[in-house]
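# Structure at a glance
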Amino acid sequence: MRKPIIAGNWKLNKNPKETAEFVAGIKGKLANADQVEAVIGAPAVDLQTLIDAAKGTDLKVASENSYFEDAGAFTGETSPKVLAEMGVDYGIIGHSERREYFNETDEDINKKAHALIKNGVTPIICCGETLETRKAGKVNEWVSGQIKAALKDLSAAQVAALVIAYEPIWAIGTGETATPEQAQEVCHLIRETVAGLYDQTTAENVRIQYGGSMKPANVKELMAQPDIDGGLVGGASLQPDSFLELVHYQD
Ligand SMILES: O=C(CO)COP(=O)(O)O
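Please read all numbers here as calculations on a predicted model, not as lab measurements.

### Quick look at the environment of Gln182
- Within the secondary structure, Gln182 sits in helix α9 (residues 180-197).
- A C-alpha to C-alpha distance of 32 Å links Gln182 and Val88, two positions 94 residues apart in sequence.
- Gln182 has contacts with Arg134 and Trp170, leaving out every residue within four places of it along the chain.
- Here Thr179 takes part through its backbone nitrogen, which lies 2.9 Å from a polar atom of the side chain of Gln182.

### Here's the deal with α9
- With 18 residues, α9 should cover 26 Å at 1.5 Å per step; its first-to-last C-alpha distance of 26 Å lies within 8% of that length.
- Residues Pro180, Ala183, Gln184, Val186, Cys187, Leu189, Ile190, Arg191, Thr193, Val194 and Ala195 constitute the buried set of α9.

### Quick look at the pairing of strand β8 (residues 230-233)
- Burial along β8 is two-sided: the residues Gly230 and Leu232 and Gly231 and Val233 are all buried.
- Bridging between strand β1 (residues 5-9) and β8 involves 4 bridges; their strand directions are parallel. The residue of β8 that forms the bridge with Ile5 is Gly230.
- With 2 bridges connecting them, strand β7 (residues 207-210) and β8 associate as parallel partners.

### Brief notes about the sheet that holds β8
- With parallel pairing, the 8 strands of this closed barrel are ordered in space as β1-β2-β3-β4-β5-β6-β7-β8. When the angles between neighbouring strand axes are averaged without regard to direction, this sheet yields 25°.

### Looking at the UniProt feature "binding site: substrate" (unreviewed entry) in the chain
- The UniProt record annotates "binding site: substrate" (unreviewed entry) at Asn9, Trp10, Lys11, Gly173, Ser213, Gly234 and Gly235. On the basis of their most widely separated C-alpha atoms, the annotated residues across 227 residues gather in one place, lying no more than 13.8 Å apart. Taken from the residues named earlier, the lining of the largest pocket is made up of Asn9 and Lys11.
- Mapping Trp10 onto the fold places it in the loop between β1 and α1 (16-26).
- Among all residues touching Trp10, those that are not within four sequence positions of it are Thr19, Phe22, Ile40, Gly41, Ala42, Pro43, Glu64, Ser237 and Leu238.
- Mapped onto the fold, Ser213 is located in the loop between β7 and α11 (219-223).
- The contacts of Ser213, once residues within four sequence positions are left out, are Ala171, Gly173, Thr174, Gly175, Glu176, Thr177 and Asn218.

Rules behind the numbers
- Residues numbered from 1 in each chain as written.
- Predicted model: local features only at pLDDT ≥ 70, side-chain atom pairs only at ≥ 80, totals over all residues.
- Heavy atoms only, no water.
- Helix = DSSP H or I, 4+ residues; strand = E, 2+ residues; numbered from the N terminus.
- Contact = heavy atoms within 4.5 Å.
- Polar contact = N/O pair within 3.5 Å; in protein donor to acceptor, adjacent residues only side chain to side chain.
- Expected span 1.5 Å × (residues − 1).
- Buried < 20%, exposed > 50% of the residue type's maximum accessible area, 1.4 Å probe, protein only.
- Pairing = 2+ DSSP bridges.
- Axes fitted to C-alpha atoms, helices over the stretch in contact; angles between N-to-C directions.
- UniProt positions renumbered as here; feature names shortened; annotations may be inferred.
- 1 Å grid on protein atoms, 1.4 Å probe; cavity = no way out; pocket = protein on both sides within 12 Å on 5 of 7 lines; lining within 4 Å.

Have a look at this one:
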């Protein structure tokens, strides 16, 4: 059974003070931790505050990006080894904003996945197509290509334990959500791709999130889809009440 995972991705929002305030706002209110995993992905400069504030709660912590080397002369980068030492649970990698604005390639993302796993941090690997690719009818080929590249040389056991986030770029921050059917179709394709690369058991274990304007008003119908196991949420994860509503979508 795949445990649903609702993860916020704060992007470049919130400072340490706002981070602590957010956690104070959800403290004692994650009532369904045995049924749904709740995660917040925060900027690197907020992670220590988030980890300290989340102690004693069921909230898990994610980084938004990390490098593929543990240490060395890599000015400005974030070490996956240090993230693990700090107690970070998940590492978001390959977000479309990183691919677009910071020129991250599929090869970088694969190296980052290996580095996180080596250090005991669970990757959340993002994929998704542009509107142009969708209009050209090339979603399947594009997304399965991203998945194959990101998972290169990972073992079946490693893939079964990680999380894949399908985020159609045209739905991110636009208010335009993919329909549950559109999201399900691609999440199913991702699971089929994993089954083809590995086996049915691995495909049945890997968790797949949808991301792109997920909010309290649409979370239920998206989560009702058989291949959608969670959400990666930007805007609607910034306020405690909205995040709590998403985590409690089953109520
Ligand atoms: O990019 C996203 C999460 O990683 C989605 O952002 P929004 O929920 O703001 O559309």
